[in-house]
Every structure is written in C-alpha cells, then in structure tokens.
Amino acid sequence: MNPPNTNLRAFNLAVQTLLSTPSQFLPHLTVPTFTHLPEAIGPLLEAQYPQVSPSAAQQNEKDHPPPKGIAIRALILDKDNTLCPAKTTSFPSKIYAHLHSLRNSPTSPFNISSAPNSILIVSNRAGSHPRYEPEALEIEERLAGLKIPVFRLPPGTEDGVAVEKKPFCGPEVLEWFRERGVVQRADEIAVVGDRLGTDVLMAKEMGAWSIWCRDGVGEDVTKGQRNVLEKMEVWVERYLRESRGLKAPAPGDFKSRSD
C-alpha cells in the first residue's frame with residue numbers, strides 16, 4: 001500500500017526552527033507574486049545583503065572560483081499558490097506570461113536557448129507521488145513550449161535513506177541541476193514559493209536563496225483559500241520581521257565580511 005501524502009516531518013522542522021533559530025524561517029527576499037520576480041535576482045539580493053561574500057571554502061576552489069557578487073543561475077519553483085491556484089494545473093495569464101518572458105528574454109539568465117535546464121518545478125503534489133503523475137504530465141504539457149519540467153521525487157530509498165518531499169529533497173534537486181551543468185553550488189539557486197514551512201525551509205536546508213511569494217498567485221485568488229497554517233505563516237513572518245527585527249541569514253556557503 002502506498003503511504004499517504006503527508007508531511008508531518010516538515011511541520012516538526014518548522015516548529016523546531018521557530019523555537020531554536022527563528023530567523024531561518026524568514027525569506028531572503030519577498031515579492032507579492034511570481035509576476036514580480038525580476039530577471040536579475042542577484043542585484044536585489046545584494047541590496048539586501050551588501051556585506052555578503054563567498055566563504056573561504058569557495059575562495060579556495062581552483063576549478064570553480066566563486067562568482068563576483070550573487071549569481072542566480074537556476075530557479076526552483078513551487079506550483080500550488082505560486083504558479084497555479086491550489087490543487088489545479090491552471091496557470092493565470094499573467095503568471096504564464098511572466099514565465100514566457102523569463103524563458104525568452106535575451107537578457108534572462110533562465111533563457112530557454114542559453115540555459116534550457118535552469119527552471120524546475122518542485123511540488124509537494126505533482127511529482128511527489130505516483131498518484132499525482134497525471135497532474136505532473138498535464139503541467140508539462142501546458143508548459144511544453146517553455147520546456148519547464150516537473151521534478152519527480154525518486155521512489156523508495158537512496159543509500160538506505162528515504163527521499164522525502166520539500167523541504168527535505170534539496171540534495172536530490174541540487175544534483176538534478178548539477179548533472180545538467182546548470183550550477184555547481186546550492187547558493188546559485190533561488191527557491192521561489194508561497195510557503196515558509198516548505199519552500200523557505202527547503203532553501204535553508206539545501207543552502208540556497210529563498211524568495212517568498214507573499215500573496216500566492218494573487219491576493220484576490222489566494223486570500224479566501226489559505227488554510228490555518230498558511231495564515232499563521234503570514235502572521236509569524238510579520239511578527240519576526242517587524243516586532244523581533246529578525247532577518248534571514250545568508251546561505252551557509254556565504255558569510256558576512258563582518259564575521
């Protein structure tokens with residue numbers, strides 16, 4: 001019998017993070033919706049983290065020297081409430097148009113010709129379990145002209161360890177990009193999604209940058225559909241940022257010059 005599509009471990013990680021290191025629960029960058037995501041993400045992150053520099057380990061790399069500044073070469077995109085209304089495969093026209101722009105703009109780091117494998121959809125529905133395979137195939141059919149695939153969570157175990165959904169599948173997703181020559185390190189990736197407890201924590205777990213789509217697919221669509229946990233995340237983010245004055249630390253492969 002197939003196991004249920006639950007994610008209790010992710011909930012436990014979210015609670016543990018809030019109790020121990022709450023700043024890790026915050027995104028590095030916030031945009032209202034995916035349509036506000038710019039082509040050049042690095043400069044926006046550099047504005048938020050002006051003193052961030054590559055780690056000593058990066059500086060010692062001979063074959064792959066660290067980039068100057070922050071270079072985002074790949075996007076991990078959530079589906080539900082980020083690209084599509086929850087539990088659907090319907091892309092709002094503005095979101096599809098923005099995906100089209102990211103894939104076709106000659107200046108985009110995610111251009112379909114110069115960087116064909118630079119965008120990957122990672123969902124806790126489509127691609128996470130065989131029961132959602134029709135959904136994954138439908139998404140890929142709708143995005144066939146943009147050549148954006150859905151990540152399939154490896155079945156069973158790898159090296160005796162079960163491969164789990166977001167936020168725990170970061171190593172497998174990172175390897176997907178590495179195998180295709182898109183990135184060398186996780187800090188060249190931005191994870192984009194509407195959930196702090198899965199998308200932002202996935203970025204934190206894998207050492208990538210996180211971008212939070214605060215209003216989901218759009219405030220008019222998302223507002224009445226958020227569940228209790230999603231509503232709590234919005235409140236917690238505001239509390240940690242405004243009342244506690246916390247800020248997400250840079251990914252583990254980077255450090256502040258002031259350290």
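Only a predicted model underlies this, so the values are computations on that prediction, with no experimental measurement involved.

Participant: Give me the lowdown on the overall build of the protein chain, citing residues and values where you can.
Facilitator: When helices and strands are tallied, the protein chain shows 9 helices and 9 strands. In the protein chain, buried positions account for 51% of the 259 residues. Long-range contacts, defined as pairs at least 24 residues apart, comprise 71% of the intrachain contacts of the protein chain with a sequence gap of at least 6. A total accessible area of about 12,700 Å² is found for the protein chain, and carbon and sulfur atoms account for 52% of it.

Participant: Could you give me a rundown of the packing of aromatic side chains, with the residues and numbers involved?
Facilitator: This structure, assessed with the given rule, holds 3 aromatic pairs. When the ring of Trp176 is compared with that of Phe177, the centres are 5.1 Å apart and the planes differ by 90 degrees; the resulting orientation is edge-to-face. Comparing Trp176 with Phe177, the two get one shared label, buried. Its end group placed over the ring of Phe168, Arg9 keeps NZ or CZ at 3.9 Å from the ring centre.

Participant: Report on a nonpolar patch on the surface, specifying residues and quantitative values.
Facilitator: There is a patch of nonpolar side chains on the surface, built from Leu8, Phe11, Val15, Leu19, Val228, Leu229 and Met232 and spanning about 710 Å² of accessible area. Of all the secondary-structure elements, those providing two or more residues to the nonpolar patch are helix 1 (8-20) and helix 9 (228-243). It is helix 1 that provides the largest number of residues to the nonpolar patch, a total of 4 residues. Positionally, Leu19 belongs in helix 1.

Participant: So what about unusual backbone geometry? Which residues, and what values?
Facilitator: A cis amide bond links Lys166 with the next residue in sequence, Pro167, at an omega value of 10 degrees. For Pro167, the position within the fold is in the loop between strand 6 (161-162) and helix 6 (170-179). In this model, Asn81 sits at a positive phi of 65 degrees, which is unusual for a non-glycine residue. Considering the arrangement of structural elements, one finds Asn81 in the loop between strand 3 (74-77) and helix 4 (93-104). We classify Asn81 as buried; its relative accessible area is 3%. Phi is positive for Lys87, which is not a glycine, with a value near 60 degrees. A relative accessible area of 63% places Lys87 in the exposed class.

Participant: Outline the pairing of strand 3, listing residues and values.
Facilitator: Taking every second residue as pointing to the same face, both faces of strand 3 are buried, with Ala74 and Ile76 on one and Leu75 and Leu77 on the other. The pairing of strand 3 with strand 4 (residues 119-121) spans 3 bridges and is parallel. If you follow Leu77 over to strand 4, its bridge partner there is Ile121. A crossover links strand 3 with its parallel partner strand 4, the connecting element being helix 4, and its sense is right-handed.

Participant: I'd love a proper account of the sheet that holds strand 7 (residues 189-193), names of residues and values included.
Facilitator: The parallel open sheet is built from 5 strands, whose spatial order is 1-8-7-3-4. Two strands lie at the open edges of the sheet, namely strand 1 (29-31) and strand 4, each paired on one side alone. For this sheet the average axis-to-axis angle between neighbouring strands, irrespective of direction, equals 20 degrees.

Participant: I'd love a proper account of the nonpolar core, names of residues and values included.
Facilitator: Membership of the largest hydrophobic core comes to 47 residues, with the highest contact counts inside it found for Phe34, Ile72, Leu75, Leu77, Leu83 and Leu99. Considering every element that reaches this core, the biggest residue donor is strand 8 (residues 209-213), with 4 residues. Dropping the residues within four chain positions of it, Leu75 is found in contact with Leu37, Ile41, Leu102, Phe110, Ser118, Ile119, Leu120, Phe177, Ala190 and Val192. One finds Val122, Leu153, Val182 and Ala186 within the second-largest nonpolar core, a separate group that totals 20 residues.

Participant: Go over the confidence of the model for the protein chain, please, and point to the residues and values.
Facilitator: For the protein chain, mean pLDDT is 88; residues scoring 70 or higher make up 83% of the total. When the criterion is pLDDT under 50, residues 1-5 qualifies, and its contacts beyond four places in sequence or with other chains add up to 10 contacts.

Participant: Account for the pairing of strand 8, with residues named and values stated.
Facilitator: In terms of burial, strand 8 is largely enclosed, as 5 of its 5 residues are buried. Every second residue of strand 8 is oriented toward a common face, with Trp209, Ile211 and Cys213 on one face and Ser210 and Trp212 on the other, all of them buried. In this sheet, strand 8 lies alongside strand 1 in parallel orientation, the contact comprising 3 bridges. In the sheet register, Val31 faces strand 8, and the bridge partner there is Cys213. Pairing between strand 7 and strand 8: 4 bridges, direction parallel. Residue pairing in the sheet places Val191 in a bridge with Ser210 of strand 8. Each parallel crossover has a hand, and for strand 7 linked through helix 7 (residues 196-206) to strand 8 it is right-handed.

Rules of the game
Residues numbered from 1 in each chain as written. Predicted model: local features only at pLDDT ≥ 70, side-chain atom pairs only at ≥ 80, totals over all residues. Heavy atoms only, no water. Helix = DSSP H or I, 4+ residues; strand = E, 2+ residues; numbered from the N terminus. Buried < 20%, exposed > 50% of the residue type's maximum accessible area, 1.4 Å probe, protein only. Contact = heavy atoms within 4.5 Å. Areas by Shrake-Rupley, 256 points an atom, 1.4 Å probe, with all protein chains shown as cover. Phe/Tyr/Trp six-rings, centres within 6.5 Å; stacked < 30°, edge-to-face > 60°. Lys NZ or Arg CZ within 6 Å of the ring centre and 35° of its normal. Patch = residues over 30% accessible without salt bridge, like charges linked within 9 Å, V, L, I, M, F, W, Y side chains within 5 Å. Salt bridge = Lys/Arg side-chain N within 4 Å of Asp/Glu carboxyl O. Pairing = 2+ DSSP bridges. Right-handed = clockwise from strand over helix to strand, strands pointing away. Axes fitted to C-alpha atoms, helices over the stretch in contact; angles between N-to-C directions. Core = buried A, V, L, I, M, F, W, Y, C linked by side-chain atoms within 4.5 Å. pLDDT = per-residue confidence, 0-100.

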